[in-house]
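# Architecture and fold: a report
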Amino acid sequence: MWSKVPFGKLRNNEAASLYTYTTQDGFKISLTDFGISLVSIIFPDSGSEKDVLLGFDNVQGYEEHDFYSGCIVGRVASRVADGKFSIDKTEYQLTLNNGDTHLHGGFVGFSKLLWESRIIDGDTLEFCHVQADGTDGYPGNMSVTVTVTFRSKSLSARSPGHFLSFDICATCDKPSPVNITLHPYFNMDGHESGSALENRLTVFDYAGYLPMDPETLLPTGDVVSCRGTPFNLDVTRVGESLEALPEGIDHTFSICYKAGFIVPAAEIASKDLRQKIRVLTDQPGLHVYTGNFLSGTVGKAGAIYNQHAGIALEAQNFPNAINNTKFPNAVVRPGEIYKRNITFSFIF
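All figures in this text were calculated on a predicted structure; none of them were measured in a lab. (Residues numbered from 1 in each chain as written. Predicted model: local features only at pLDDT ≥ 70, side-chain atom pairs only at ≥ 80, totals over all residues. Heavy atoms only, no water.)

Among the secondary structure elements, Ala81 is positioned in strand 7 (residues 79-81). A C-alpha to C-alpha distance of 33 Å links Ala81 and Leu164, two positions 83 residues apart in sequence. Residues within four places of Ala81 in sequence aside, it is in contact with Leu218, Asn320 and Asn323. (Helix = DSSP H or I, 4+ residues; strand = E, 2+ residues; numbered from the N terminus. Contact = heavy atoms within 4.5 Å.)

For the rest of this paragraph, the subject is the sheet that holds strand 5 (residues 48-51). On the basis of which strands lie adjacent, the open sheet formed by five strands has the order 1-2-3-4-5 and antiparallel pairing. The strands lining the two open edges of the sheet, one partner per strand, are strand 1 (2-9) and strand 5. Taken over all neighbouring pairs, the strand axes of this sheet differ in orientation by 25° on average, direction set aside. With five bridges joining them, strand 2 (residues 15-22) and strand 3 (residues 28-32) adopt antiparallel strand pairing. Within strand 3, the residue paired with Thr20 across the bridge is Ser30. (Pairing = 2+ DSSP bridges. Axes fitted to C-alpha atoms, helices over the stretch in contact; angles between N-to-C directions.)

Of note, His162 is situated in strand 14 (residues 162-172). Of note is the side chain of His162, whose polar atom sits 2.9 Å from the side chain of Asp25. For His162, the side chain forms a polar contact with the side chain of Ser152, separated by 3.0 Å. Excluding residues within four positions of it along the chain, His162 makes contact with Thr23, Asp25, Phe27, Phe150, Arg151, Ser152, Phe344, Ser345, Phe346 and Phe348. (Polar contact = N/O pair within 3.5 Å; in protein donor to acceptor, adjacent residues only side chain to side chain.)

Applying the stated criterion to the full structure yields zero disulfides. For the unlinked cysteine Cys172, the closest cysteine sulfur is that of Cys169, found at 14 Å. (Disulfide = S-S within 2.5 Å.)

Quick look at the packing of aromatic side chains now. Each pair of aromatic rings is reported with the distance of its centres and the angle of its planes. Inspection of the entire model under this criterion finds 23 aromatic pairs. The interplanar angle of 20° and the centroid separation of 5.1 Å between the aromatic rings of Phe85 and Tyr92 together place this pair among those described as stacked. Their ring planes at 85° and their centres at 6.2 Å tell us that Phe166 and Phe344 sit as a pair that is edge-to-face. Taken as a pair, Phe166 in strand 14 and Phe344 in strand 29 (residues 338-347) lie far apart in primary sequence, 178 residues in all. Judged by its relative accessible area of 0%, Phe166 is buried. Residue Phe344 is classed as buried on the basis of its relative accessible area of 2%. Taken together, the aromatic side chains of Trp2, Tyr21, Phe27, Phe43, Phe150, Phe346 and Phe348 make up a single cluster linked through ring pairs. (Phe/Tyr/Trp six-rings, centres within 6.5 Å; stacked < 30°, edge-to-face > 60°. Buried < 20%, exposed > 50% of the residue type's maximum accessible area, 1.4 Å probe, protein only.)

So this is what it looks like as structure tokens:
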């Protein structure tokens, strides 16, 4: 059953809340209504506890820092080239908050605001927000509802254990790009362990990965097979992959999907394989980011998050899809409903 306690106040004196679900076997998960940010994922571990999620002790940390720790990201996740796009021959300019690029919804986005929230029942939370027309340059008033449900029964034989599901719905009164994801940083050896390089990572290779331009960090437009490359991740030690990719991984993998069908996208495990998190989704892509730009952030209980301290697994559409006709549709129109699911399965 979800419980609710205060989680501190924002600069404008608004009060944030922390929601926590604890199971009988000692598993515990917490999130806040600020950015719908996941705060902790705690596994029982040989009589003690292991928190495998990077984060902060109170809402002030989430407000102050800008590495998108655990939060929901939108209106458009990832990068939009030059912050520009056109829909129906109308050109739009978004804010540029990452050099010459629009990143993760801009300066406001969905991650830096307090969502309306309520407990629907013992297992379900609901978060709502209306983003006004023109925010960060986006057209239309977009209404978003995120329903978060915790269950302790298996999805299937392929996905045992507890799971946490995010059902994301959005509508807009003007044609608008949309690509909403979650941005948790995992370190399965413990958030305070210093490095996630010993984590074991599997990305289910359905179609391949998207090569990126090293200067812009935007996809080239191709989808390339992972076989025979460092992107062939199959219970692979993350550090082993980065020996061949010294700049780190900041790439999207193409998930073979059919709208409305939830499939396994990735699994990350502790070095001893005792604790695992599986990501399932109906999104067309999974973006893997190995924390390449983390640099000395002070997190929960004084933990220092340096480069590669956590691995972000972001189920989403392809980056810059609004500007690439070969990529999956990135526009929601009036009268349409954008629906996506992201589910985490916890195995131990």
